[in-house]
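Close look at the chain arrangement
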Amino acid sequence: VQILPPLPNLGPLWAYLFCFKMKIEEDIRKIIIKDIKNLGYILWGLELSGKSNSKHIRIYIDNEDSSIGLGDCEKVNLQIKDVLENTDLINFNFSLEISSPGIERTFFNIDQLKNFKDQTILVKYEEDSRKDSVLGKLLSVSDNHIEIMNNKMESIKISANDYITSKLIYKG
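Notes on the structure follow. (Residues numbered from 1 in each chain as written. Predicted model: local features only at pLDDT ≥ 70, side-chain atom pairs only at ≥ 80, totals over all residues. Heavy atoms only, no water.)

1. Quick word on the packing of aromatic side chains
With the rule as written, the count across this model stands at four aromatic pairs. When the centroid spacing of 6.4 Å and the interplanar angle of 75 degrees are considered together, the rings of Trp-44 and Phe-116 count as edge-to-face. Note that Trp-44 is positioned in strand S1 (residues 42-51) and Phe-116 in the loop between strand S4 (106-107) and strand S5 (120-127), a separation of 72 residues in sequence. Pair check on accessibility: Trp-44 and Phe-116 agree, each one buried. In textbook terms, an aromatic cluster arises when at least three aromatic residues are bridged by ring pairs, as seen for Trp-44, Phe-107 and Phe-116. (Phe/Tyr/Trp six-rings, centres within 6.5 Å; stacked < 30°, edge-to-face > 60°. Helix = DSSP H or I, 4+ residues; strand = E, 2+ residues; numbered from the N terminus. Buried < 20%, exposed > 50% of the residue type's maximum accessible area, 1.4 Å probe, protein only.)

Encoded structure:
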């Protein structure tokens, strides 16, 4: 289950376009997830940008056993490009980018945080109709909330409904 941020009140056209973009992302996800899994990878995330007739599709892959290299990205790119070019659901020109989530990875949903306990993360969330962020150590993750220890040593609970996104902060 992916928790999405609430839509800003920018009128019905914006809401329609946002929902349309989310539908395209979900359609692409459904089309590619099986192929990525069959190649031995995990679909970490998907980003879609660009105009209505030409889009950039960025797909993040991961692997439980080892880090992602250029060869992995090339292999997935060849397969997914073929899949997307041969589906009727994609009716626009696109460029495709396959990437690893990287050392400072973005977490696309709260479930992805479960393996990163005790790591430093930056969390964006919404509270009382205002966006906020907190940097700190990830203490716990559940289906309902995450708990962060901020720099002031305060424990902050963020509900799954308020969670927007987060990013791993590398401390080398």
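2. So, unusual backbone geometry
Of note in this structure, Asp-118 is not a glycine but carries a positive phi near 75 degrees. Tracing the chain through its elements places Asp-118 in the loop between S4 and S5. Not every positive phi belongs to a glycine, and Asp-128 is a case in point at roughly 55 degrees. One can find Asp-128 in the loop between S5 and strand S6 (130-141).

3. A few points about the pattern of salt bridges
Opposite charge on two side chains permits pairing when their charged atoms draw close. In the structure shown here, the tally under the stated rule is 10 salt bridges. One salt bridge in this structure joins Lys-137 and Asp-118, with 4.0 Å as the shortest N-O distance. Remark: Asp-118 occurs in the loop between S4 and S5 and Lys-137 occurs in strand S6; sequence separation between them is 19 residues. Residue class for Lys-137 comes out partly exposed when judged on its relative accessible area of 38%. Through salt bridges that share partners, Glu-47, Arg-58 and Glu-97 make up one connected network. (Salt bridge = Lys/Arg side-chain N within 4 Å of Asp/Glu carboxyl O.)

4. Observations regarding the environment of Ile-158
One can find Ile-158 in strand S8 (residues 155-159). Under the relative-accessibility criterion, Ile-158 is labelled buried at 1%. Sequence-wise, Ile-158 and Val-134 are 24 residues apart; in three dimensions their C-alpha atoms are separated by 9.9 Å.

5. Description of the sheet that holds S1
Taken in spatial order, the three strands make up an open sheet running S1-S2-S3, and their pairing is mixed. Taken across any chain shown, the strands that pair with only one partner, and hence form the sheet edges, are S1 and strand S3 (93-99). Adjacent strand axes in the sheet meet at a mean angle of 15 degrees, parallel and antiparallel pairs treated alike. Examined bridge by bridge, S1 and strand S2 (residues 54-62) share nine bridges and lie antiparallel to one another. Across the sheet, Lys-51 pairs through a bridge with Ser-54, a residue of S2. (Pairing = 2+ DSSP bridges. Axes fitted to C-alpha atoms, helices over the stretch in contact; angles between N-to-C directions.)

6. Quick word on the side chain of Asn-109
Note that Asn-109 resides in the loop between S4 and S5. There is a polar contact of 3.1 Å between the side chain of Asn-109 and the backbone nitrogen of Asp-111. Separated by 3.2 Å, the side chain of Asn-109 and the backbone nitrogen of Gln-112 make a polar contact. (Polar contact = N/O pair within 3.5 Å; in protein donor to acceptor, adjacent residues only side chain to side chain.)

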